[in-house]
Amino acid sequence: MKCPFCSSDNTRVIDSRPADDNTAIRRRRLCDDCKKRFTTYEKVETIPLIVIKKDNNREQYDRTKLEAGILRACHKRPVSAEQIKSLVDQVEVEIFSGESQEIKSAEIGEYVMDKIKDLDPVAYVRFASVYREFKDLNTFMNELKKVIS
Ligand SMILES: [Zn+2]
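Residues numbered from 1 in each chain as written. Predicted model: local features only at pLDDT ≥ 70, side-chain atom pairs only at ≥ 80, totals over all residues. Heavy atoms only, no water.

This part is about helix α3 (residues 105-119). Between its first and last C-alpha, α3 extends 21 Å over 15 residues, near the 21 Å set by a 1.5 Å rise per residue. Every buried residue of α3 is accounted for by Ser105, Ile108, Gly109, Val112, Met113, Lys115 and Ile116. At its buried positions, α3 is contacted by β4 (50-52), α1 (63-73), α2 (81-97), β6 (102-104) and α4 (121-131). (Helix = DSSP H or I, 4+ residues; strand = E, 2+ residues; numbered from the N terminus. Expected span 1.5 Å × (residues − 1). Buried < 20%, exposed > 50% of the residue type's maximum accessible area, 1.4 Å probe, protein only. Contact = heavy atoms within 4.5 Å.)

With that out of the way, let us pick up unusual backbone geometry. At Ser7, a position not held by glycine, the phi torsion is positive, near 65 degrees. Note on placement: Ser7 falls in the segment before β1 (11-19). Backbone geometry places Asn56, a non-glycine residue, at a positive phi of 75 degrees. With respect to the helices and strands, the residue Asn56 is situated in the loop between β4 and β5 (58-60). For Asn56, a relative accessible area of 54% puts it in the exposed group.

Looking now at the environment of Asn10. Looking at the element boundaries, Asn10 is found in the segment before β1. In this structure, the C-alpha to C-alpha distance between Asn10 and Pro78, residues 68 residues apart in sequence, is 48 Å. With sequence-adjacent residues up to four places away left out, Asn10 is seen in contact with Leu30, Cys31, Asp32 and Asp33.

Interface size is commonly expressed as the accessible surface area that is lost when the partners come together. One can read the domain layout of the protein chain as domain 1 (11-43) and domain 2 (50-148). For domain 1 versus domain 2, the separation of C-alpha centres amounts to 26 Å. In this complex, domain 1 contributes nine residues to the contact, which on the side of domain 2 involves six residues. Contact with domain 2 buries surface across domain 1, with Asn22, Ile25 and Arg27 losing the most and accounting together for 62% of the total. Put simply, domain 1 and domain 2 have zero salt bridges between them. At the surface where domain 1 touches domain 2, the tally comes to one residue pair in polar contact (both at pLDDT 80 or more). Those elements giving two or more residues to the side of domain 1 that touches domain 2 turn out to be β1 and β2 (24-31). Here the residues of the side of domain 1 that touches domain 2 are counted per class, giving three nonpolar, three polar and three charged. (Domains from an automatic or database assignment. Buried area = accessible area lost by both parts, 1.4 Å probe. Salt bridge = Lys/Arg side-chain N within 4 Å of Asp/Glu carboxyl O. Polar contact = N/O pair within 3.5 Å; in protein donor to acceptor, adjacent residues only side chain to side chain. Nonpolar A, V, L, I, M, F, W, Y, C, P; charged D, E, K, R; others polar.)

Attention shifts here to the side chain of Ser8. With respect to the element layout, Ser8 can be found in the segment before β1. For Ser8, a relative accessible area of 10% puts it in the buried group. A polar side-chain atom of Ser8 sits 2.5 Å from a polar atom in the side chain of Asp33. Contact partners of Ser8, with chain neighbours within four places excluded, come to Met1, Lys2, Cys3, Cys31 and Asp33.

Below, the structure written as structure tokens:
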């Protein structure tokens, strides 16, 4: 992002927060050359974000894919479509707040797990089992104990 005062590319994000009902990110930026601060608003859907998958392949971030994964985890659980939408919104604020234009799929998974935990314990364990690829029953049980204790 170029500095609007001196056109330097040497700027960094000092604060990110959701704006406009979570559809945009408001960023405070600081120019390291002229030390001036400025604010940008970026619509979430216009921010380019590349997801790095486990096999190191990269693909464009796709909200519907994330939603589908969460939906699967919530199958037959008392979680409403509205709650899922709100969860995806919250996760998007986190992943789009970063300065980097690339994010590991595992990192997105961690954000989801962090929030789905409060929504429904079964959905959490299902999601975690897919994301963390539990290799055996013990890992699975340990994770389960964490949420029900
Ligand atoms: Zn500047």
